[in-house]
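Structural description and commentary
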Amino acid sequence: MTPASGSCSARQASSDDWTLIDLAPPVADLRADARAGLRASPKRLSSKYFYDARGSRLFEAITRQPEYYLTRVETALLEAVAPRIAQRVGPNVHVVELGTGSGIKTRQLLDALDDPVAYTSVEISKAALIDSTRALAAQFPHLQLLPVCADFTRPVPLPPARRAARRTLVFFPGSTLGNFDDDDALELLRSIRQTMGTHGLALLGFDLVKPVERLEAAYNDAAGVTAEFTLNLLARLNREADGRFDLNRFAHHAAYSVERERIETAIVSREAQTVDVAGETVHFDAGERIEVEISRKYTGASIRGIAAESGLAVAETWTDAARDFALVLLRAQDADA
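In this text, all values refer to a predicted model and were calculated from it rather than measured experimentally.

Scanning the protein chain from terminus to terminus reveals 9 helices and 16 strands. Scaling as 2.2 N^0.38, a compact globule of 337 residues should have a C-alpha radius of gyration of about 20 Å, and the protein chain matches this with 20 Å. With respect to the principal axes defined by its C-alpha atoms, the protein chain has extents near 60 × 45 × 35 Å. Going through the 337 residues of the protein chain one by one, you find that 53% of them count as buried. Here the analysis covers contacts within the protein chain between residues at least 6 apart in sequence; of these, 71% occur between residues at least 24 apart. About 14700 Å² of surface is accessible on the protein chain, with carbon and sulfur atoms providing 48% of the total. Of the side chains in the protein chain, 39 bear a positive and 46 a negative charge, and the two mean positions are spaced by 2 Å.

So, in structure tokens, the structure goes:
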């Protein structure tokens, strides 16, 4: 995320204490991306389009499934080490979070920090952003809230805080970096490096490599919530891109690649068919896949490697007792250790 030109004046929701800055991508972007992705070989759709209002609700339901350990483990870890994070980060920081979601982990961090000057949340789902901002406003009435509805994978102009901050802390939990391929992950980390500045810090969550059976269970819950979440992407194309997908003729598929150390999620056509979407007719062979998401899993070496390539260095790492998940504090390579 880097500063960019553009207006920040759109106001879709507000209270006496905060105003939402609406920089959400237009529907035309979804249509264009759908056309380009479904022409590609293999077909692909961006996982960022999962998060309409219904998709955001479904994702929160996923985090409550017994197989989906990530949120529970990261939340418990953050609760345990938040005082140490706050001590390392110091007082009077401007927190910038990418992808706020429900805001549970946000509240844990803000509650631990010493007098943060402002909180900027960058979230593509407007409904989720408004809900989390209202909840934060009730819990932190004296904290300046600067919600921005935007796609954080693109440059976003950050609103200025009223009070001067000692440093910027970028917060990117959930192992969301693992949803990006190597090149895009590097680009995003370099953007985070620019946002936090030479003396800033970034706190990221990383899901760690573990047995295949446990990983695949987490992305194929028995209740079928993840499958419903994945197929909601097609339902969104029906609503917003003149799609004619019959969701019963497609299936969710998620499997772990040991070689690439990542879960690979796809939507699979159950049969040969054609579908109209975004003004085009798209043919699917039986068994043909639409690639929709990857979820990279990390080791200590791979975390240090991608950080170094992006101009960052590991300042400190915290893991749970089972070493399922890591919270990693990153600094600029040219900053004091």
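Here we take up the packing of helix α3 (residues 69–89) against helix α4 (residues 104–112). Their axes nearest at 9 Å, the elements α3 and α4 cross at an angle of 20°. Our classification of the angle between α3 and α4 gives roughly parallel. Of the two possible hands of crossing, α3 and α4 adopt the one that is right-handed. Contacts between α3 and α4 involve E74, T75, L78, E79, A82, I85 and A86 from the former and I104, K105, Q108, L109 and A112 from the latter. Tallied by class, the residues present in the contact of α3 with α4 amount to 7 nonpolar, 2 polar and 3 charged.

Looking now at the environment of L158. Along the chain, L158 falls in the loop between β7 (148–149) and β8 (167–172). The class for L158 is partly exposed, based on a relative accessible area of 30%. Here the alpha-carbon distance between L158 and L77, two residues 81 residues apart in the chain, equals 29 Å.

Parameters and conventions
Residues numbered from 1 in each chain as written. Predicted model: local features only at pLDDT ≥ 70, side-chain atom pairs only at ≥ 80, totals over all residues. Heavy atoms only, no water. Helix = DSSP H or I, 4+ residues; strand = E, 2+ residues; numbered from the N terminus. Rg over C-alpha atoms; globule rule 2.2 N^0.38 Å. Buried < 20%, exposed > 50% of the residue type's maximum accessible area, 1.4 Å probe, protein only. Contact = heavy atoms within 4.5 Å. Areas by Shrake-Rupley, 256 points an atom, 1.4 Å probe, with all protein chains shown as cover. Lys, Arg positive; Asp, Glu negative; His and termini not counted. Charge placed at Lys NZ, Arg CZ, Asp CG, Glu CD. Axes fitted to C-alpha atoms, helices over the stretch in contact; angles between N-to-C directions. Parallel < 35°, antiparallel > 145°, perpendicular 65-115°, else oblique. Left-handed = near helix turned anticlockwise from the far one by under 90°. Nonpolar A, V, L, I, M, F, W, Y, C, P; charged D, E, K, R; others polar.

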